[in-house]
Amino acid sequence: MSSKPKPPNLRKISALFDMRADFVHGFPYGSGHINDTYCVSFDQAGQRIRYVLQRINTHVFKDPHALMENISRVTHHSLGRLLAEENPEAYRRTLTCIPANDGKSFAFDPQGNAWRTYPLIERARSYDLIETNEQAFQVAKAFGNFQKLAADIGGERLHETIPDFHHTPKRLDALRAAIETDASNRASEVKDLIDFALSRSGDCARITDLIASGDIPERVTHNDTKLNNVLLDDVTAEGVCVVDLDTTMPGSSLYDFGDMIRSGTPTMLEDDTALSALDVRLDRFDAFARGYLGVTNSFLNATEIANLAFSGKLLTLECGIRFLTDYLQGDTYFKIKHPTHNLDRCRNQFAFVQAIERNLPEMEKIVKGYADTI
Ligand code: ADP
Ligand code: GN1
Ligand code: MG
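Not measured: the values here are computed from a predicted model.

Parameters and conventions
- Residues numbered from 1 in each chain as written.
- Chains lettered and ligands numbered in written order.
- Predicted model: local features only at pLDDT ≥ 70, side-chain atom pairs only at ≥ 80, totals over all residues.
- Heavy atoms only, no water.
- Helix = DSSP H or I, 4+ residues; strand = E, 2+ residues; numbered from the N terminus.
- Rg over C-alpha atoms; globule rule 2.2 N^0.38 Å.
- Buried < 20%, exposed > 50% of the residue type's maximum accessible area, 1.4 Å probe, protein only.
- Contact = heavy atoms within 4.5 Å.
- Areas by Shrake-Rupley, 256 points an atom, 1.4 Å probe, with all protein chains shown as cover.
- Lys, Arg positive; Asp, Glu negative; His and termini not counted.
- Charge placed at Lys NZ, Arg CZ, Asp CG, Glu CD.
- Donors = N, O, S within 2.8 Å, 3.2 Å for Na, K, Ca; no water.
- Expected span 1.5 Å × (residues − 1).
- Polar contact = N/O pair within 3.5 Å; in protein donor to acceptor, adjacent residues only side chain to side chain.
- Core = buried A, V, L, I, M, F, W, Y, C linked by side-chain atoms within 4.5 Å.
- Domains from an automatic or database assignment.
- Pairing = 2+ DSSP bridges.
- Axes fitted to C-alpha atoms, helices over the stretch in contact; angles between N-to-C directions.
- Near = heavy atom within 4 Å.
- 1 Å grid on protein atoms, 1.4 Å probe; cavity = no way out; pocket = protein on both sides within 12 Å on 5 of 7 lines; lining within 4 Å.
- Sits in = over half its atoms within 2 Å of the grid points.
- Nonpolar A, V, L, I, M, F, W, Y, C, P; charged D, E, K, R; others polar.
- Phe/Tyr/Trp six-rings, centres within 6.5 Å; stacked < 30°, edge-to-face > 60°.
- Lys NZ or Arg CZ within 6 Å of the ring centre and 35° of its normal.
- Buried area = accessible area lost by both parts, 1.4 Å probe.
- Salt bridge = Lys/Arg side-chain N within 4 Å of Asp/Glu carboxyl O.

As for the overall build of the chain
Now for step 1: When helices and strands are counted, the chain shows 12 helices and 10 strands.
Now for step 2: The C-alpha radius of gyration of the chain comes to 20 Å, within 12% of the 21 Å expected for a compact globule of 374 residues.
Now for step 3: Based on the C-alpha atoms only, the size of the chain along its principal axes is roughly 60 × 55 × 40 Å.
Now for step 4: When the 374 residues of the chain are sorted by exposure, 56% land in the buried category.
Now for step 5: Look at the contacts in the chain between residues 6 or more apart in sequence, and 74% of them connect residues 24 or more apart.
Now for step 6: In the structure as shown, the chain presents an accessible area of about 16,400 Å², 50% of it carried by carbon and sulfur atoms.
Now for step 7: Of the side-chain charges in the chain, 42 are positive and 52 negative, and the distance between the mean point of each set is 3 Å.

What follows is the structure, given as structure tokens:
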């Protein structure tokens, strides 16, 4: 089981940063699976303002220095663009790091935990389940724009904050190793899921092979484009700000499109268990394809476009493999709320792989329609 950290003293931790304001209170925030995220309120000379204070998960991100160097580069680049175009809400359209007292973009507490602070983007929120096709369109547009912006960061290659993060064949190897070790004595109870993963092994290398052969280019991508990593404006539903930049690094556009489809087109949440009703919402898929290609059609190559629908299947399979591996290893990676949480998530993802398989021809038709006309 993931060990539950003691509730942190948010007042003391915020004092590591140059807040120029008085701490009022704080509480856990959001539904991310990786970092510990808090909303903290401050009084700044009589005005209430809020920040996001995050403990970086250094079990997952082994090198917080490299991680924060990437995030600083990406956020400076975004802010520079927004300021250059005199965007009236530049600081709401990109994450920006509040400097620590020593000027760095993050700080260590006395226990050695790494923390960072961002302004909390107000009048916007993220969704775990999308409610309208307009929201799907806006999420896809926001991630498409993020990729477009990241394309001109320049300078050295970004650090790989998690090496081989979307290398699906290596994820399958890790599953095989976890079955072999069977650290929690759970392999025999999940035989059907293991069989399912192995039955799709022929699909796993499609994207990595296309990268290796040079048929699709390496790009700077977000790599964790799940729905709740973009904030939509409360009033206009516009995609205001892309968050969770920890995995922004060299990758493939197919990883970003695929994970949007994995998280945004199912009829239910990632951990719902009433799987007989699980299907692909083709109307949502249509909106994602329209939003994403509206921004990226001009620079994606024909092989990337031809694999967009398939990427939804592969990223879902990969995520299911990761949940299953974590379950077999004793739940050491993803946060869980109950003992079979990773197992439920895995069942859900594998059922969604099958749903995509049923809908793939229609999904491919939708992509082609937009690719030919947008
Ligand atoms: P994790 O890596 O654990 O997923 P995230 O960085 O995605 O952590 O943060 C968790 C959630 O907190 C996000 O899904 C989003 O809803 C919210 N969030 C993160 N950063 C901000 C921010 N600067 N302003 C408003 N909400 C935020
Ligand atoms: C994690 O951090 P979060 O909750 O946005 C994970 C993704 C998975 C996702 C599954 C760094 O995303 O790769 O697809 O859970 N992030 C990391 O919900 O592993
Ligand atoms: Mg997140």
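So that's the structure; there's more coming.
What about unusual backbone geometry?
Now for step 1: Even without being a glycine, E86 presents a positive backbone phi close to 55 degrees.
Now for step 2: Of note, E86 is situated in the loop between helix 2 (64-84) and helix 3 (90-93).

Section: the coordination of the magnesium ion (ligand 3)
Now for step 1: Around the magnesium ion (ligand 3), the protein contributes the donor atoms N229 (OD1) and D244 (OD), which lie 2.1 to 2.3 Å from the metal centre. On the criterion of sequence distance, the pair formed by N229 in the loop between strand 7 (219-221) and strand 8 (230-233) and D244 in the loop between strand 9 (239-242) and strand 10 (249-251) is long-range, its members being 15 residues apart.
Now for step 2: Of the residues examined, N229 reaches a relative accessible area of 5% and is grouped as buried.

Quick word on helix 8 (residues 253-264)
Now for step 1: Helix length check: helix 8, at 12 residues, gives a terminal C-alpha distance of 16 Å against a target of 16 Å (1.5 Å per residue), a fit within 8%.
Now for step 2: Extensive coverage of helix 8 is indicated by the burial of 12 of its 12 residues.
Now for step 3: Every buried residue of helix 8 is listed here: S253, L254, Y255, D256, F257, G258, D259, M260, I261, R262, S263 and G264.
Now for step 4: The distance from a side-chain oxygen at the start of helix 8 to the backbone nitrogen of L254 is 2.9 Å, and the residue carrying that oxygen is S252.

Looking at the nonpolar core
Across soluble globular proteins, nonpolar side chains show a tendency to be buried alongside one another.
Now for step 1: V139, F285, F288, L324 and F350 are the most contacted members of the largest nonpolar core, which totals 99 residues.
Now for step 2: Per-element accounting of this core gives the leading share, 14 residues, to helix 12 (residues 341-373).
Now for step 3: A domain split of this core shows at least three residues from each of domain 1 (10-121) and domain 2 (133-373).
Now for step 4: Ignoring anything within four residues of it in the chain, the contact list for V139 reads I130, L227, V230, L232, M260 and F288.
Now for step 5: Formed by 14 residues, the second largest nonpolar core is a distinct cluster that contains F23, Y38, A107 and W115.

Description of the sheet that holds strand 4 (residues 107-108)
Now for step 1: Taken in spatial order, the 5 strands of this open sheet run 1-2-3-5-4, and their pairing is antiparallel. Unpaired on one side and paired on the other, strand 1 (22-28) and strand 4 mark the two borders of the sheet.
Now for step 2: Helix-sheet contacts for helix 2 involve strand 4 and strand 5 (114-119), and the interaxial angle to strand 5 is about 15 degrees.

Overview of the site of ligand 1
Now for step 1: Around ligand 1, a shell composed of 19 residues is seen, among which N35, Q54, I121, S126 and N228 lie nearest.
Now for step 2: Measuring from an oxygen atom of ligand 1, one finds a side-chain N or O atom of S126 at 2.7 Å.
Now for step 3: Its free accessible area being 540 Å², ligand 1 has 96% of it covered by the protein chains.
Now for step 4: Judged by its atoms lying within 2 Å of the grid points, ligand 1 is housed in the second largest pocket.
Now for step 5: For the shell around ligand 1, the residue count by class is 9 nonpolar, 9 polar and 1 charged.

Structural notes on the packing of aromatic side chains
Now for step 1: Taken as a whole and assessed by the stated rule, the structure comprises 10 aromatic pairs.
Now for step 2: Aromatic pair F106 and F108: ring centres 5.4 Å apart, planes at 65 degrees, arrangement edge-to-face.
Now for step 3: An aromatic cluster of at least three residues, connected via ring pairs, comprises F23, F42 and Y51.
Now for step 4: Sitting over the face of the ring of Y327, R186 holds its NZ or CZ atom 4.0 Å from the ring centroid.
Now for step 5: Positioned over the ring face of F310 is R206, at 3.7 Å from the centre of the ring.

Looking at the domain arrangement of the chain
Now for step 1: When cut into domains, the chain gives domain 1 (10-121) and domain 2 (133-373).
Now for step 2: The partner domain 2 presents 34 residues to the 26 residues of domain 1 that form the contact.
Now for step 3: When the buried area of domain 1 at its contact with domain 2 is split by residue, H33, N70 and R73 rank highest and sum to 26% of it.
Now for step 4: Counting across the interface, domain 1 meets domain 2 through 5 salt bridges.
Now for step 5: Across the salt bridge formed by K335 and D36, the nearest N and O atoms sit 2.7 Å from each other.
Now for step 6: Joining domain 1 to domain 2, the criterion identifies 17 residue pairs in polar contact (both at pLDDT 80 or more).
Now for step 7: Counting residues per element, the ones that place at least two in the side of domain 1 that touches domain 2 are helix 2 and helix 3.

Side note on the sheet that holds strand 6 (residues 124-125)
Adjacent strands of a sheet form backbone hydrogen bonds with each other and so pair up, either parallel or antiparallel.
Now for step 1: On the basis of which strands lie adjacent, the open sheet formed by 3 strands has the order 6-8-9 and antiparallel pairing. If you trace the sheet from one side to the other, it starts and ends with strand 6 and strand 9, each paired once.
Now for step 2: Two strands pair when backbone bridges link them, and strand 6 and strand 8 are joined in this way by 2 bridges, in the antiparallel orientation. Its bridge partner lying in strand 8, A124 is registered against D233.

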